[in-house]
Amino acid sequence: HILRPVDLGALLASQITDVPVTKKPIVTIIPTGNELVAAESVLSSGRIIEFNGTVFSAFIKEWGGEPLLHGIVADDPSDIKAALLAATEDSDIVIINAGSSAGSKDYTVHIMEELGSVFTHGVATRPGKPVILGKVNGTIVIGVPGYPVSAYLALEWFLRPLICEYLQIPVPKRQT
């Protein structure tokens, strides 16, 4: 149960000033790609604005998590590795955006295998097939595709239930 304003009032009126709570899970988002630039940058050929991280952050907050948006990381294995290792120190869950497919600059699965465990690379769905699920330093890591629709679906299918599990609340049913 999420404490609402009325709950807080009832607790205080009953002189209850201490209640057990669950900390929001910290979810670090690491956007990767040589083509990515910040929104305030001047666009040039072959460059795109990194906006997935902001969208992911808003969903994570909406779902009850605490997002930490990392700066853009270039498609360089050592840079991605360093960002991932640092994120696992302070996060409950890490999202790596892009680099999950099978292209020449898609390093995420190899880095995750080197640093920890990969449970699966690819799910039977479209869009969203190249999702990576694994663990590094005891922290759950989800590699999601860069394509925004695929990435969102992967987050809804895999991240949202993890956040709900962490908060000990049921996963909300999608309206039909």
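Note that this is a predicted model, so its numbers are computed, not measured. Residue numbers here run from 1 along each chain, matching the order of that chain's written sequence. Per-residue local features are limited, in this predicted model, to residues with pLDDT of at least 70; the limit for side-chain atom pairs, both in listing and counting, is 80 or more; totals at the level of whole chains, interfaces and linings are taken over all residues. Hydrogens and water are ignored here; the side-chain numbers use all heavy atoms of the structure.

1. Structural notes on the sheet that holds strand β7 (residues 132-136)
Reading across from one edge, β4-β1-β5-β8-β7-β6 is the order of the six strands in this open sheet, with mixed pairing throughout. The open sheet terminates on both sides in strands that have one partner only, identified here as β4 (66-69) and β6 (116-121). When strand polarity is set aside, the average angle formed by the axes of neighbouring strands in this sheet is 20°. Two strands make a pair as long as DSSP finds a minimum of two bridges between them. We count a stretch as a helix when DSSP gives it H or I for four or more residues in a row; a strand needs E for two or more, and each element gets its number in order from the N terminus. Note that strand β1 (residues 26-31) and β4 share four bridges and pair parallel. What sits directly across from Ile 29, in β4, is Leu 69. Contacts are residue-level and defined by heavy atoms, with any inter-residue pair within 4.5 Å sufficient. Convention adopted: a line fitted to C-alpha atoms gives each axis, helices being fitted over their contacting stretch, and angles between N-to-C directions are expressed from 0 to 180 degrees. Against the sheet, helix α2 (residues 52-62) touches β1, β4, β5 (93-97) and β8 (139-144), its axis set at about 165° to β4.

2. Comments concerning helix α4 (residues 108-115)
Turn by turn, an α-helix covers 3.6 residues, leaving residues three or four places apart pointing in a common direction. Taken together, the buried positions of α4 are Thr 108, Val 109, Ile 111 and Met 112. Within α4, the buried residues cover an arc of 165° as seen down the axis, which keeps them to one side. Buried residues belonging to α4 abut α3 (77-90), β5, β6, β7 and β8. Buried means the residue's accessible area, taken with a 1.4 Å probe over protein chains only, is under 20% of the maximum for its type, while exposed means over 50%, and partly exposed covers the values in between. Think of the arc as the fan of directions from the helix axis to the C-beta atoms.

3. Side note on the environment of Ala 83
Structurally, Ala 83 is set in helix α3. With 13 residues separating them in the primary sequence, Ala 83 and His 70 have C-alpha atoms 8.3 Å apart. Excluding anything up to four places from it in sequence, Ala 83 contacts Ile 30, His 70 and Val 73.

4. Some remarks on the pairing of β7
Within β7, four of the five residues are buried, which leaves the element mostly enclosed by the surrounding structure. Across five bridges, the pairing between β6 and β7 is antiparallel. Residue pairing for β7: Ser 117 is matched across the bridge by Lys 135. Strand direction decides the pairing type here: β7 and β8, joined by five bridges, are antiparallel. Looking at β8, one finds that Leu 133 is bridged to Ile 142. Between the antiparallel neighbours β7 and β8 lie two residues, among them Asn 137 with a positive phi of about 55°.

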